[in-house]
Each structure stands twice: as structure tokens, then as C-alpha cells.
Amino acid sequence: MRLTRRSFVTAATVAAATAVVPSRTLGAAVPLARAIPSSGETMPAVGLGTWITFNVGDDHVLRDECTAVMDAFFEAGGKMIDCSPMYGSSQAAIGYGLKKLGYPKVFSAEKVWTSAENGEDQIERSRTFWGVPRFDLLQVHNLQDWEQHLAMLLDMKAAGHVRYVGITTSEGRRDDLFEEIMRKHPLDFVQFTYNIVDREAEERLLPLAAERGIAVIVNRPFQQGALTRRLEGEKLPQWAAELRAGTWAQFILKFILSHPAVTVAIPATTRVDHVRENLAAASGYLPDEATRERMAALIRDL
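A.B. asks: Account for the nonpolar core, with residues named and values stated.
C.D. replies: Core analysis: the biggest nonpolar cluster contains 78 residues, and I81, L153, M182, V190, I196 and F251 have the highest contact counts within it. Top element by residues in this core is helix α9 (residues 248-257). It accounts for 8 residues. Listed in part, the 12 residues of the second largest apolar core include I36, M43, A109 and Y164.

A.B. asks: Hey, could you go over the sheet that holds strand β9 (residues 162-168) for me, with residue numbers and the actual values?
C.D. replies: The strand order β6-β7-β8-β9-β10-β11-β12 describes an open sheet built from 7 strands, whose pairing is parallel. Looking at which strands have only one partner, the edges of the open sheet turn out to be β6 (80-82) and β12 (264-265). As judged from the 2 bridges shared by strand β11 (residues 215-219) and β12, these two strands associate in the parallel manner. Bridge pairing in β12 links I217 to V264. Sheet strands touched by helix α4 (residues 119-130): β6, β7 (107-112) and β8 (135-140). Its angle to β7, the strand with the most contacts, is close to 145°. In the packing of helix α6 (residues 175-184) onto the sheet, contacts are made with β9 and β10 (189-193), and the angle to β10 comes to roughly 160°.

A.B. asks: Describe the pattern of salt bridges, listing the residues and the values that go with them.
C.D. replies: Going through the model one piece at a time under the given rule, you end up with 17 salt bridges. Notably, a salt bridge pairs K79 with E41, separated by 3.6 Å at the nearest N-O pair. Highlighted residues: K79 in the loop between α2 (60-75) and β6 and E41 in the loop between β4 (33-35) and β5 (42-44), separated in sequence by 38 residues. Accessibility assignment for this pair places K79 and E41 in one class, buried. Ionic pairing is found between R199 and E293, a salt bridge with its closest N-O pair at 2.9 Å. In this pair, R199 sits in the loop between β10 and α7 (205-212) while E293 sits in helix α11 (residues 289-301), placing the two residues 94 residues apart along the sequence. Several salt bridges share partner residues, and in doing so they unite E41, K79, D136 and R163 into one network.

The rules behind these values
Residues numbered from 1 in each chain as written. Predicted model: local features only at pLDDT ≥ 70, side-chain atom pairs only at ≥ 80, totals over all residues. Heavy atoms only, no water. Core = buried A, V, L, I, M, F, W, Y, C linked by side-chain atoms within 4.5 Å. Buried < 20%, exposed > 50% of the residue type's maximum accessible area, 1.4 Å probe, protein only. Helix = DSSP H or I, 4+ residues; strand = E, 2+ residues; numbered from the N terminus. Pairing = 2+ DSSP bridges. Contact = heavy atoms within 4.5 Å. Axes fitted to C-alpha atoms, helices over the stretch in contact; angles between N-to-C directions. Salt bridge = Lys/Arg side-chain N within 4 Å of Asp/Glu carboxyl O.

The structure is reproduced here in C-alpha cells:
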């Protein structure tokens, strides 16, 4: 799939009112942030995913490693951490880290992933694991029992028990239904897969999010590590320096963040150096349309 000039321009035009793009001041890059369309609240464009990486059980050594990743994330300016009851012990690892770090300012993004009748109980258990007074964002995970859960989440938002509401999917699952929900319901966020290889979202979901004023969270930016592993040993092109992309991970993240409808990407990692590397991708120049296609062609041909 290719991002057509029309769809790119359409997304850029609609998103321009809420996007905060990088610029240069005396040669220094300003870190990229994006605004949540439904509120105008700004969001650092790189967040932290926890699928697999934070599922460490009650091993305190591994929990401390997760805490170190979180500490580096916050220090580098990160804000959104995303999790789900599906992610094993990840919620408990987040709560452990937040407590140890003195509960720094975090944008807490959680999901409901259970039968309709158990949704409220599951959300409360998740909140207890995190140790936060309320979640910033609650999402219906993979559209499970989405009609009942979405109605519940919208009621919670109206009552002030959550700030934002959304839905999620991954790897292109149920895109037709996902699009229908986006068109018919007052969502603040959607979450789906998008990266330099998996570009199907450019055709419908990303332009629709821009049109509807819905923030976009990008999951699987590195295809769960498969994409960066594939590129190991390959040399970055010299022109990547113009984007201030010093690694393949930064190259890929800059491609994702250059789409004007994308609000935040949430790579997961177990390493402090990688979380710093990922946050640093949200600075410097972002590619224009022609450079995006050059980047995609390079990856396609390697």
C-alpha cells in the first residue's frame, strides 16, 4: 500500500490544527509532540508499550529492570504507557515501577479485555495494579464485546471516572468493523498497527481518524522486533543523517511519526538505551511525502 498524495494532503490539512511539529531554533531540534484532537492536550509522540517486555511475573530483579526503563522513559520526556489485562503481569510491573519512582506524571492507557459483565471489575483490578486514582485512557481491546464495553466507557467518561475512551486492534484485524465504529461513535483514541512495511492503515483508517478528529496510537511499530532484527547488519543510508536518524529504529519511528494523523507510537523495550533511542526519534526533521516513499522503497529493497 502507498500513501497517495491526496490522502496525505487530506490528513495533513485536517490534522494541522492539532499537530505540534518539530522546528529549528538556533540549530536545535524541538522534540515532537502532537495534540489530542478531542481536547487539545499535547502528547509526546513516542510512548512506551509493555506487551511481552513487562510480563516478568513477581521477579524483583526483572521488575527493577522494567522500573529502570520507565525511569529513563520519563527522564527523556515520555508520558504515555500502554498496557492491557492481556499482558500477563505487566500491569503489576508498571505499578511496582510507578511506586518505586514516586508516582511520576504518566498518561495511563489501559484496556478492557473480558466479557461484558466483568468489565467494571476488571478495570478496577487494573487500576489497583497501577496504583493510579483513575486512568487517562480506557480502550476496548481488540473489539471484544465492544458494544457493551464502549457504552460503559462512555458512561465512565461522562461521570469523570476516565478522561478518554478508545478502541484497539492490531495486525489489520477486523478493519471493516473498526472503521464502522470510528464513523459512528465519539471516540477520543484508536489504536492499530502501522509501520514502514505494514501501511494498509494509510488507505482508510489514518485519513478517517484525521477527518473525525480521533487521536491515533500506533502499535507494533517494529513488528514486535522482527523488522529491526531483519535490518541488523544493514547500513543506514547517508541521507538518514539529514533526518537525524542514527539507527534503524529511529529511521522507522520517524517514518511513522511523519504521518500527520499519527499521535503517538508505542514501541516496547526491555532496555534503557533503546527507550532513550526511541524517544530521541521524536526530534529533528521528519520526512516529507517524497522522502517517505524513498524510505519505504529502501526497506522494501533490502
